[in-house]
Amino acid sequence: MSELASIKENGKALSETNKGELLQYLTFKLIDETYGINVMQIKEVLRYSEIAPVPGAPGYVLGIVNLRGNVVTVVDTRVRFSLPECTISDDTRIIIIEHDGEQVGLLVDAVQEVFYLYQGEIEQSPSVGNDEALMFIQGVYQKEEELVILLELNRMFERNEALGIEAMN
């Protein structure tokens, strides 16, 4: 039996004990914080490539890239979260997600790993910071010695007009 089949089988048994659905998350770094995105929202992860700037775009929209003939808007995730801008390194990645039928790229410092957790293991996020930052957070998960901030990407892109995505695609 494969590891995934074993996990799913165990997930079925554990979900019956109120742990909920088995979820899979991709973790990435911004500065020293670890964030997680549900893998069901991710299309692919790319190495950093040249991004063409778009005049008049909001400050957190870096520009666009051509992905196999499709134009993809790239958002600087650090700027979107009101963090200081970063310098590009060999670890910098663009996580391609799909939102409302449009592909969007999220520039992150580094991609780490994929891990499994149960819906019931997600803790409510603490009420700290401003409302803008909190609206992107689905919850938190204590993974060994590390706290993972789980993002709700649908909330991040609810206000497309604020992102400038509608106007650019």
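Under an unreviewed UniProt entry, the protein chain has the name Chemotaxis protein and belongs to Marinomonas profundimaris.

Turning our eyes to something else, we now look at the sheet that holds strand β6 (residues 93-99). Strand order in the open sheet formed by five strands is β3-β6-β7-β5-β4, and the pairing between neighbours is mixed. Each having just a single partner strand, β3 (42-47) and β4 (61-67) make up the two edges of the open sheet. With direction set aside, neighbouring strand axes in the sheet form an average angle of 30 degrees. Across seven bridges, β6 lies against strand β7 (residues 102-108) in antiparallel orientation. From the neighbouring strand, Ile-94 faces β7, where its bridge partner is Leu-107.

Right, let's get into the side chain of Arg-78. Structurally, Arg-78 is set in helix α2 (residues 77-80). When its relative accessible area of 10% is taken as the criterion, Arg-78 is described as buried. Here Pro-84 takes part through its backbone oxygen, which lies 2.9 Å from a polar atom of the side chain of Arg-78. When residues no more than four places from it in sequence are discounted, the contact partners of Arg-78 are Leu-30, Ile-31, Leu-83, Pro-84, Glu-85, Cys-86 and Asp-109.

Reading across the sheet, the five strands line up as β8-β1-β2-β10-β9 and stay open at both edges, with mixed pairing between neighbours. Of all the strands in the sheet, just β8 (110-118) and β9 (137-143) have a single pairing partner and so form its edges. For this sheet the average axis-to-axis angle between neighbouring strands, irrespective of direction, equals 30 degrees. When strand β1 (residues 22-30) meets strand β2 (residues 33-38), the two strands line up antiparallel, connected through six bridges.

Thresholds, definitions, all that
Residues numbered from 1 in each chain as written. Predicted model: local features only at pLDDT ≥ 70, side-chain atom pairs only at ≥ 80, totals over all residues. Heavy atoms only, no water. Pairing = 2+ DSSP bridges. Helix = DSSP H or I, 4+ residues; strand = E, 2+ residues; numbered from the N terminus. Axes fitted to C-alpha atoms, helices over the stretch in contact; angles between N-to-C directions. Buried < 20%, exposed > 50% of the residue type's maximum accessible area, 1.4 Å probe, protein only. Polar contact = N/O pair within 3.5 Å; in protein donor to acceptor, adjacent residues only side chain to side chain. Contact = heavy atoms within 4.5 Å.

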